[in-house]
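Each chain, letter by letter, is given below.
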Amino acid sequence: MFDHVKFGVRDYAASKAFYLQALAPIGVSVVGEGEPSYGAELSAGGESSLCLFETTETPAHLHIAFVAPRREQVDAFHRAALAAGGRDNGPPGLRPKYHPNYYAAFVIDPDGHNIEMVCHAAA
């Protein structure tokens, strides 16, 4: 749904490791990288990317939602993100207040950002 999102992180190595592990279920990998102040571009298939760079500035908290074609990927994201050091902010499950098939999970990343993976497909 987006071309790229770029935001600053306090601990570049920790955040890069977190996102690579948490987003592995949808095939995310490093597709470009420079010095930490420039950062890394992470993508799955090259249609959109998440870009991280190291900064001492305090970024505002973000909510980023990644799309998953299958609910199993939402479950895998949640497990991987917790194993990577994320904090649970809502386990995998239906969120019918958004729509009947909204299946999502939420975690808090190392910088306090709310990271979501959502599947809109029916079971």
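Residues numbered from 1 in each chain as written. Predicted model: local features only at pLDDT ≥ 70, side-chain atom pairs only at ≥ 80, totals over all residues. Heavy atoms only, no water.

K.L.:
Just to check I follow, could you spell out the confidence of the model for the chain for this structure?
P.N.:
Detailed reading of predicted coordinates is not advised where the pLDDT is low. The predicted model of the chain has a mean per-residue pLDDT of 93, with 98% of residues at 70 or higher. Element-level pLDDT for the chain is lowest in strand E1 (residues 4-9), with a mean of 90, against a maximum mean of 98 in strand E6 (residues 87-94). (pLDDT = per-residue confidence, 0-100. Helix = DSSP H or I, 4+ residues; strand = E, 2+ residues; numbered from the N terminus.)

K.L.:
Sorry if this is basic, but what is going on with helix H2 (residues 71-83) here?
P.N.:
One turn of the α-helix equals 3.6 residues, which is why residues spaced by three or four share an orientation. Taking 1.5 Å as the rise per residue, H2 with 13 residues should run 18 Å; its terminal C-alpha atoms sit 19 Å apart, in good agreement. Listed as buried for H2 are Arg71, Gln73, Val74, Phe77, His78, Ala80 and Ala81. Against the buried residues of H2 lie helix H1 (12-22), E6, strand E7 (103-108) and strand E8 (114-119). Two residues or fewer past H2, Gly85 is found with a positive phi of approximately 105 degrees. (Expected span 1.5 Å × (residues − 1). Buried < 20%, exposed > 50% of the residue type's maximum accessible area, 1.4 Å probe, protein only. Contact = heavy atoms within 4.5 Å.)

K.L.:
Would you mind showing me how to read the packing of aromatic side chains here?
P.N.:
All chains considered together, the criterion is met by three aromatic pairs. Between Phe7 and Tyr19, the ring centres sit 6.1 Å apart and the planes meet at 75 degrees, which makes this aromatic pair edge-to-face. Of this pair, Phe7 sits in strand E1 while Tyr19 is found in helix H1, placing the two residues twelve residues apart along the sequence. When sorted by exposure, Phe7 lands in the same class as Tyr19, which is buried. Consider the rings of Phe18 and Tyr19, whose centres lie 5.0 Å apart with planes at 90 degrees: the pair is edge-to-face. Take Phe18 and Tyr19: they sit in the same class, and that class is buried. Each residue in the set Phe7, Phe18 and Tyr19 is aromatic and connected to the rest through ring pairs, giving one cluster. (Phe/Tyr/Trp six-rings, centres within 6.5 Å; stacked < 30°, edge-to-face > 60°.)

K.L.:
Hey, could you run me through the pairing of E7 in this one?
P.N.:
For E7, a buried count of six out of six residues is recorded, marking the element as mostly surrounded by other parts of the structure. Neither face of E7 is left uncovered, since the one carrying Tyr103, Ala105 and Val107 and the one carrying Ala104, Phe106 and Ile108 both have all their residues buried. Note that E6 and E7 share five bridges and pair antiparallel. Within E7, the residue paired with Gly90 across the bridge is Phe106. (Pairing = 2+ DSSP bridges.)

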